[in-house]
Amino acid sequence: MRRYDLISCHDCGVLHRKRPLRPREKARCTRCRSVLYRGGSADLSRVVALTLATALVFLIAQFFPIVELEVKGLRSSATLIGAIAVLWAEQMQLVAAMVFFFTMLFPAVELAALLYVALGLRAGFQPPGFHRVLRAVQAARRWGMTEVLMIGILITVIKMTSLARVLPQPGLFAFGALTLMLAVVVSFDPKTLWNVGDDLAPRPPPRLDYAALRASGAELLPCHACGLVTPAAPGRAHPRCARCGCQLHRRRPDSVNRTWALLIAAAILYIPANLLPVMYTHSLFGSEDDTIMSGVLFFWNSGSKGLAAIIFIASVVVPMLKLAVLTLLAWSAQRRSRWRPLQRTVLYRLVEFIGRWSMLDIFVVTLTVALVRFQALAVITAGPGALAFGSVVVLTMLASMQFDPRLIWDHVDSGPPVYPGEKHV
Ligand SMILES: [Zn+2]
Ligand SMILES: [Zn+2]
């Protein structure tokens, strides 16, 4: 740990001094147990090779058909982009846009941005726009949902086997490989690249004597993007990170109010999301409306109890749990509660982790709608419930991003001392 030896815990805000770790070792916060940083240096050649290979598989997955259906000599197949186009043409532009952003655009931005930065650093210089591009990697990563899509593809395939002969296509295998490769890419922390970048910066940020600064009473604020802890001069209205230029906040501004606003909007939309149909089936045997719950019952009654459970958990339990937990977090933060801060932090991490999984049903609807296009036999179209449901997922994700977990700890204690001899109340 060269220039900067302080790190602020993302979840509780306590400052820690960094120590060198062995590869694969993790440093955890002594107060809330969240992972602060991991050991091992950035092997740039490995990052470049892995990202390049993943980008290649990404392209194959996007543009090759995923599965083909065959019913009575009629065939129908779907690529991801084709499925999005079908939704778009059916006046479901917002849902189509969501699927496009979460499964194509954000993963593509993450891979391209990571490749750009790693290639530059490997060549020995900070590429233009270094900080902005690295921030894009982090932002895109929060919204990429390839692994959720993969499970959605598998559920769709199993669902289709009861209707038609299902022939797996190259896109299916490419998505399988892509999911595994992205899991490795995501295990790499972009903050490591910021540390590498410091050594190559034309004007490296100044070396700071943190102990003296802290003793002098300057407030040390962490940067959300690059992790650097910067001293904020007292009275300065809008301090900025000395390294990446991001605006620094003691606590996310208006965190609780914004969380409430998004949460209330999500709770209202949760009602039509469950009552309105997400899919319409028109077939020789008549028409049928499917809500989220009737989709679950379909799997349950057709003997796939495991699948029914997965969809029920992802589409019904997870959104409800998110709404309940975020309400508890916002309410307790507003009341400055000291009640069980550790458990509340664990709940916050849980919500952050499971948030994206409720998008599962939307992906299943998208693929089903694109695949079942047998004009004479059966056609499935998307219903307004899908839009309401997708909006609930996005709104609850935004709500958990707006919530500042450090508010949980603000009225508990000031955490362990960072420097020997430092006093705490
Ligand atoms: Zn902590
Ligand atoms: Zn920064």
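Predicted model, so just to flag it, every value in this text is computed and none were measured.

**Describing the pairing of strand β6 (residues 74–78)**
Reasoning step 1: Bridge count between strand β5 (residues 67–71) and β6: five bridges; the pairing is antiparallel. Note on β6: the bridge partner recorded for Val 71 is Leu 74.
Reasoning step 2: The hairpin formed by β5 and β6 contains two residues between the paired strands, and Lys 72 there has a positive phi angle of roughly 45°.

**Points about the coordination of the zinc ion (ligand 1)**
Reasoning step 1: At 2.2 to 2.4 Å from the zinc ion (ligand 1) lie its protein donor atoms, namely Cys 9 (SG), Cys 12 (SG), Cys 29 (SG) and Cys 32 (SG).
Reasoning step 2: Each of the four donor atoms bound to the zinc ion (ligand 1) contributes to angles spanning 100 to 114°, and the resulting shape is tetrahedral.
Reasoning step 3: All donors of the zinc ion (ligand 1) come from a single chain, and their spacing in sequence reads C-x2-C-x16-C-x2-C.
Reasoning step 4: Classification of Cys 12 as buried rests on a relative accessible area of 2%.

**Examining the pattern of salt bridges**
Reasoning step 1: Throughout the structure, instances matching the rule amount to twelve salt bridges.
Reasoning step 2: Measuring nitrogen to oxygen at the nearest pair gives 2.7 Å for the salt bridge that ties Asp 410 to Arg 251. Here Asp 410, found in the segment after α14 (384–402), pairs with Arg 251, found in the loop between β9 (229–232) and α9 (255–275); they are 159 residues apart in sequence, far enough to count as distant.
Reasoning step 3: Shared partners join several salt bridges into a network, and the residues in it are Glu 68, Glu 70, Arg 75 and Arg 165.

**Points about the UniProt feature "transmembrane region" (unreviewed entry) in the protein**
Reasoning step 1: Per the UniProt record, "transmembrane region" (unreviewed entry) is found at residues 47–66, 95–119, 140–158, 170–188, 260–280, 307–332, 353–372 and 378–399.
Reasoning step 2: Helix makes up 89% of residues 170–188 and strand 0%, and the two end C-alpha atoms of the span are 28 Å apart.
Reasoning step 3: The span residues 378–399 carries 73% helix and 23% strand; its end-to-end C-alpha distance comes to 39 Å.

**Side note on the packing of aromatic side chains**
Centre distance and the angle of the planes are the two values used to describe a pair of aromatic rings.
Reasoning step 1: On inspection of all chains with the given rule, the structure shows six aromatic pairs.
Reasoning step 2: Aromatic side chains Phe 100 and Phe 101 sit 5.8 Å apart centroid to centroid with 55° between the ring planes, which places their arrangement in the tilted category.
Reasoning step 3: An aromatic cluster is built from Phe 100, Phe 101, Phe 102, Phe 106 and Trp 143, whose rings are joined through pairwise contacts.
Reasoning step 4: Directly above the aromatic system of Tyr 37 lies the positively charged group of Lys 18, at a separation of 5.3 Å from the ring centroid.

The rules we used
Residues numbered from 1 in each chain as written. Chains lettered and ligands numbered in written order. Predicted model: local features only at pLDDT ≥ 70, side-chain atom pairs only at ≥ 80, totals over all residues. Heavy atoms only, no water. Pairing = 2+ DSSP bridges. Helix = DSSP H or I, 4+ residues; strand = E, 2+ residues; numbered from the N terminus. Donors = N, O, S within 2.8 Å, 3.2 Å for Na, K, Ca; no water. Tetrahedral: all angles 85-135°; square planar, octahedral: opposite > 155°, others 65-115°. Buried < 20%, exposed > 50% of the residue type's maximum accessible area, 1.4 Å probe, protein only. Salt bridge = Lys/Arg side-chain N within 4 Å of Asp/Glu carboxyl O. UniProt positions renumbered as here; feature names shortened; annotations may be inferred. Phe/Tyr/Trp six-rings, centres within 6.5 Å; stacked < 30°, edge-to-face > 60°. Lys NZ or Arg CZ within 6 Å of the ring centre and 35° of its normal.

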